[in-house]
Amino acid sequence: MDELLLPEPFSGGLILSYKCNSHCRHCMYACSPRFKGDWISERDAERILVQLADKVRESPLGPDKIGVNYGLHFTGGEPFLNFDLLLKVTEMARGLRIPSTFVETNSFWCINDDVTRDKLTELRDAGLHGILVSVNPFLLEYVPFERTERAVRIGGEVFGENVIVYQTFFYHQFKRLGFRGSLLFDEYLRTAGIEGLSYVELLPMGRACYRLGDLYRKYPAERFFGESCRAELTRPWHIHIDNYGNYIAGYCGGISLGDARDLSSLRKVDLSDKPVLRALVTDLRRLYELGVEEFGYKERKAGYISKCHLCVDVRRHIAQQTDMFKELSPREFYLHLDGE
Ligand code: SF4
Ligand code: SF4
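Note that this is a predicted model, so its numbers are computed, not measured.

**Some details on the overall build of the protein chain**
The secondary structure content of the protein chain amounts to eleven helices and nine strands. Computed over C-alpha atoms, the radius of gyration of the protein chain comes to 20 Å, within 12% of the 20 Å expected from 2.2 N^0.38 for 340 residues, which places it in the range of a compact globule. Taken over 340 residues, the protein chain has a buried fraction of 60%. The long-range fraction of contacts in the protein chain, counting pairs at least 24 apart against all pairs at least 6 apart in sequence, stands at 75%. Surface accessibility of the protein chain: about 14,500 Å² in total, with carbon and sulfur atoms responsible for 47%. Side chains of the protein chain carry 44 positive and 48 negative charges; the gap between the two charge centres is 2 Å.

Okay, structure coming up:
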């Protein structure tokens, strides 16, 4: 089995940069202020958008409406750190008639009503269809809640119903508790309790494996042997393409299926020169064995919260020792996971 057949993607996000003003504990892509400030070039963005244009599916409600798993979103890192680029890629998407476009933001830049309204109006006038506003206690450590509220309120004025609040549970919880300013996570837990976290989707992958491990039960590596990630790695919805051109399946940060600047080359991914990827589509045990036998990986005594924890921990260990695996990309992802 030396080829992986990838279906054409029909929804996803363009990661403009991994640079972010925040360093959230749960970040799947290990974004951070410490990440190199590389931004996608206009040339690469255009090459990618041109190829996505006839593949991206509109929301079931129409091309001018948005949905998390439809259309195309601009994301990061934090896209508003480079507003000019965000505007430029929005214009490109409009020129290519890409449906259901939205930007994902942590709202740090919503410092007052005028700035917020001006930027969102400019984006709407450039062709953007909507906005997704992130709300959760990890982000609250960095972004004052009133900025989030402002993004939601003015987002509604500018984009109407095309505002996704992710996640609404936290938005209402923070409002109910009268939060103002930012809040450390420990303080959040003392005030709101831990129960709320069990109501929402919290993906145990990326940095969360290291920074939120205490919230989860842990298991030995063996528990995840026999599992393959073929389904996750070949899903055609909510894929990501980063500023280096890496094609990233779903939420599997740090794993590149290849160069999305040549999307047609990815219909069949050659696995013969990508042993890590080949192991992942076969059996997680293979990745573990590769780590142990060739790179001296040692099982974590404390265990793993999920298969993604095992996966990212072995990959991180390998990436620290060699750059021979081109599928472990971008390499900087592995520097910002906060693993010990
Ligand atoms: S989760 Fe979002 S806001 Fe937080 S570090 Fe990652 S990209 Fe930035
Ligand atoms: S185990 Fe690895 S490849 Fe599989 S879904 Fe998790 S991060 Fe992706």
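**What about the domain arrangement of the protein chain?**
Domain parsing of the protein chain yields domain 1 (8–202) and domain 2 (222–335). If you average the C-alpha positions of domain 1 and of domain 2, the two centres end up 26 Å apart. Of the residues lining the interface, 30 residues belong to domain 1; the matching set on domain 2 comes to 23 residues. Between domain 1 and domain 2 lies a buried interface of about 2,400 Å² when both sides are counted; carbon and sulfur atoms form 58% of it. Put simply, domain 1 and domain 2 have two salt bridges between them. The closest approach of N and O atoms between Arg267 and Glu8, which form a salt bridge, is 3.6 Å. Counting across the interface, domain 1 meets domain 2 through 19 residue pairs in polar contact (both at pLDDT 80 or more). Looking at which element gives the most residues to the side of domain 1 that touches domain 2, the answer is helix H1 (residues 42–52), with five residues. When its residues are assigned to classes, the side of domain 1 that touches domain 2 shows 15 nonpolar, eight polar and seven charged.

**Regarding the pairing of strand E4 (residues 101–105)**
In terms of burial, E4 is a largely internal element, four of the five residues being buried. For strand E3 (residues 72–75) and E4, the ladder comprises three bridges, and the chain directions are parallel. Bridging across to E4, His73 finds its partner in Phe102. Crossover E3 to E4 through helix H2 (residues 83–95) is right-handed. In this structure, E4 lies alongside strand E5 (residues 130–134), joined through four bridges in parallel fashion. Of the residues in E5, the one forming a bridge with Val103 is Ile131. On the question of chirality, the crossover connecting E4 to the parallel E5 by way of helix H3 (residues 113–125) is right-handed.

**Focus on the site of ligand 2**
Taken together, Met205, Cys229, Glu232, Cys252, Ile255, Leu280, Lys307, Cys308, Cys311 and Arg315 make up the full set of residues near ligand 2. The leading source of residues in the shell around ligand 2 is helix H11 (residues 307–321), at four residues. Split into classes, the residues belonging to the shell around ligand 2 amount to seven nonpolar, no polar and three charged.

**Regarding the site of ligand 1**
In the region of ligand 1, the neighbouring residues are Cys20, Ser22, Cys24, His26, Cys27, Cys31, Gly77, Asn106 and Leu139. Per-class residue counts for the shell around ligand 1 are five nonpolar, four polar and no charged.

**Thoughts on H2**
Along an α-helix, a turn takes 3.6 residues, which lines up residues three or four apart on a common side. The terminal C-alpha atoms of H2 lie 18 Å apart, and with 13 residues this matches the ideal 18 Å at 1.5 Å per residue to within 8%. Looking at H2, one finds that the buried residues are Phe83, Leu85, Leu86, Leu87, Val89, Thr90, Met92 and Ala93. Of the residues trailing H2, Arg97 is marked for its positive phi of about 60 degrees.

**Side note on the nonpolar core**
Core analysis: the biggest nonpolar cluster contains 115 residues, and Leu14, Phe74, Phe80, Leu120, Leu233, Tyr247 and Leu287 have the highest contact counts within it. The greatest single-element share of this core, amounting to seven residues, is contributed by H2. Counting the residues that make up this core, at least three belong to each of domain 1 (8–202) and domain 2 (222–335).

**Quick word on the sheet that holds E3**
Read from one edge to the other, the open sheet built from seven strands follows the order E6-E5-E4-E3-E2-E7-E8, with strand pairing classed as mixed. Single-partner strands in this sheet number two, and they are strand E6 (163–166) and strand E8 (247–248). Bridging between E5 and E6 involves four bridges; their strand directions are parallel. Bridging across to E6, Ile131 finds its partner in Val163. Along the sheet, helix H4 (residues 145–159) contacts E5 and E6; its crossing angle with E5, the most-contacted strand, is approximately 165 degrees.

Scoring rules and cut-offs
- Residues numbered from 1 in each chain as written.
- Chains lettered and ligands numbered in written order.
- Predicted model: local features only at pLDDT ≥ 70, side-chain atom pairs only at ≥ 80, totals over all residues.
- Heavy atoms only, no water.
- Helix = DSSP H or I, 4+ residues; strand = E, 2+ residues; numbered from the N terminus.
- Rg over C-alpha atoms; globule rule 2.2 N^0.38 Å.
- Buried < 20%, exposed > 50% of the residue type's maximum accessible area, 1.4 Å probe, protein only.
- Contact = heavy atoms within 4.5 Å.
- Areas by Shrake-Rupley, 256 points an atom, 1.4 Å probe, with all protein chains shown as cover.
- Lys, Arg positive; Asp, Glu negative; His and termini not counted.
- Charge placed at Lys NZ, Arg CZ, Asp CG, Glu CD.
- Domains from an automatic or database assignment.
- Buried area = accessible area lost by both parts, 1.4 Å probe.
- Salt bridge = Lys/Arg side-chain N within 4 Å of Asp/Glu carboxyl O.
- Polar contact = N/O pair within 3.5 Å; in protein donor to acceptor, adjacent residues only side chain to side chain.
- Nonpolar A, V, L, I, M, F, W, Y, C, P; charged D, E, K, R; others polar.
- Pairing = 2+ DSSP bridges.
- Right-handed = clockwise from strand over helix to strand, strands pointing away.
- Near = heavy atom within 4 Å.
- Expected span 1.5 Å × (residues − 1).
- Core = buried A, V, L, I, M, F, W, Y, C linked by side-chain atoms within 4.5 Å.
- Axes fitted to C-alpha atoms, helices over the stretch in contact; angles between N-to-C directions.

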